[in-house]
Amino acid sequence: MKIDHVVDIGCSNEDSYLIKDNLFAVFDGFNSLDGFKDKDGTTGGLIAATIARDTFSRNQGSLKSLAMEANRKVREVMMDSKIDTKNKNSLWGTIFAAVRVKNDSFEWAQLADSLILVIYKDNSYKLLVSDFDHDGEVLTIWKQLAEQKKEKIREIIAEPLSRLREKTNETYGVLNGEEASGNFIKTGEEKLENIGHILLFTDGLMIPKEDPIGKDDWKLFVDLFLRGGLENVKNFVRNLQKDDPKCWKYPRYKQHDDISAISLTF
């Protein structure tokens, strides 16, 4: 098995990743809407992603149990930080994708839009989950404002963003200390037979699209990877983003999102 990884800090710094023995994971932290930072200036998103990484590094028990342990630890740190845990806009946390490789199979667990993509030896592919997009409604509003050439759209859509955050662990899951997050963690096990590559990545590596509710071009994603690995996908994404600094063509929350990605090649 050959292991490769790419880390690229975007407009924030809230991703983390883990490569340890037979366990591989990526973590996408998110901050509270009120912009929490601790006394050292570290955002809640990075704190949560780091907690999750350190918890998973134990590599004991099921992947879901590790996620729920990380979730409890995030809550404990928020309580210590005097966060109002009844106000979802004040909560911070992380999502993740994780793979544990065995002799002839691999376990996986995933939450929200940190994803796992399997590429088979005949270059066909499969995304292990399909219902990961929870931002489409808000980004559709973004697209409408972008068509009007509005500036500072992130500030304009504060109310829809707040409504979306209120739905955490009700319509989509995040590890933000709420016990209900466990209802949204997807898990499974796949045979390694005929698999050429397993890719784990945070949403920063996803190819930007003009229509927020349109289909993602996974064929292009796979082609880019097969031609030049994770670095090639990252460069393609960053070039598109570089030419769209106001996020008008490709609706998204920030010009450059953080990227954490791991590829396993067999």
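What counts and what doesn't
Residues numbered from 1 in each chain as written. Predicted model: local features only at pLDDT ≥ 70, side-chain atom pairs only at ≥ 80, totals over all residues. Heavy atoms only, no water. Salt bridge = Lys/Arg side-chain N within 4 Å of Asp/Glu carboxyl O. Buried < 20%, exposed > 50% of the residue type's maximum accessible area, 1.4 Å probe, protein only. Helix = DSSP H or I, 4+ residues; strand = E, 2+ residues; numbered from the N terminus. 1 Å grid on protein atoms, 1.4 Å probe; cavity = no way out; pocket = protein on both sides within 12 Å on 5 of 7 lines; lining within 4 Å. Points joined across faces, edges and corners; volume = space filled by probe spheres on them. Nonpolar A, V, L, I, M, F, W, Y, C, P; charged D, E, K, R; others polar. Contact = heavy atoms within 4.5 Å. Pairing = 2+ DSSP bridges. Axes fitted to C-alpha atoms, helices over the stretch in contact; angles between N-to-C directions. Phe/Tyr/Trp six-rings, centres within 6.5 Å; stacked < 30°, edge-to-face > 60°.

What to know about the pattern of salt bridges
In step 1: What the rule picks out here adds up to 21 salt bridges.
In step 2: We note a salt bridge from Arg53 to Asp54, for which the minimum N-O separation is 3.0 Å.
In step 3: Among the residues examined, Arg53 registers a relative accessible area of 28% and is labelled partly exposed.
In step 4: For Asp54, a relative accessible area of 41% translates into the label partly exposed.
In step 5: Asp223 is the partner of Lys219 in a salt bridge, and the nearest nitrogen-oxygen pair spans 3.0 Å. Pair noted here: Lys219 and Asp223 are both in helix H6 (residues 218-242), with a separation of four residues, about one helical turn.
In step 6: Among the ionic contacts, a cluster of salt bridges with common partners joins Asp8, Glu231, Lys234 and Arg238.

What about the layout of surface pockets?
Empty space left among the atoms is revealed by rolling a probe the size of a water molecule over them.
In step 1: If you add up the space inside the largest pocket, you get close to 1000 Å³.
In step 2: What lines the largest pocket is a set of 41 residues, among which Asp113, Asp135, Asp203, Tyr253 and Asp257 lie closest to the centre.
In step 3: Going through the elements one at a time, strand E3 (23-30) and helix H5 (158-166) are the ones with two or more residues in the lining of the largest pocket.
In step 4: Of the residues that constitute the lining of the largest pocket, the class distribution is 17 nonpolar, nine polar and 15 charged.

Comments concerning the environment of Leu240
In step 1: Tracing the chain through its elements places Leu240 in helix H6.
In step 2: It is 14 Å that separates the C-alpha atoms of Leu240 and Leu220, two residues lying 20 residues apart in sequence.
In step 3: Setting aside its immediate chain neighbours within four residues, Leu240 contacts Ile207, Pro208 and Tyr250.

Describing the sheet that holds strand E6 (residues 115-120)
In step 1: In space, the five strands of this open sheet follow the order E1-E10-E9-E6-E7, with antiparallel pairing throughout. In this open sheet, the two edge strands, each paired with only one partner strand, are strand E1 (2-8) and strand E7 (125-127). When strand polarity is set aside, the average angle formed by the axes of neighbouring strands in this sheet is 15°.
In step 2: In this sheet, strand E10 (residues 259-265) lies alongside E1 in antiparallel orientation, the contact comprising seven bridges. Residue pairing for E10: Asp4 is matched across the bridge by Ser263.

A few points about the packing of aromatic side chains
In step 1: In the structure shown here, the tally under the stated rule is eight aromatic pairs.
In step 2: Ring plane angle 70° and centroid distance 6.2 Å describe the contact between Trp142 and Tyr253, whose orientation is recorded as edge-to-face. Of this pair, Trp142 sits in helix H3 (residues 136-147) while Tyr253 is found in the loop between H6 and E10, placing the two residues 111 residues apart along the sequence.
In step 3: Overall, the relative accessible area of 3% leaves Trp142 in the buried class.
In step 4: Between Phe201 and Trp218, the ring centres sit 6.0 Å apart and the planes meet at 45°, which makes this aromatic pair tilted.

Comments concerning the environment of Phe184
In step 1: With respect to the secondary-structure elements, Phe184 resides in the loop between H5 and strand E8 (186-191).
In step 2: Considered as a pair, Phe184 and Ala112 are 72 residues apart in the sequence and their alpha carbons are 7.9 Å apart.
In step 3: Those residues in contact with Phe184 that lie beyond four places of it in its chain are Gln110, Leu111, Asn169, Glu170, Thr171, Tyr172 and Gly173.

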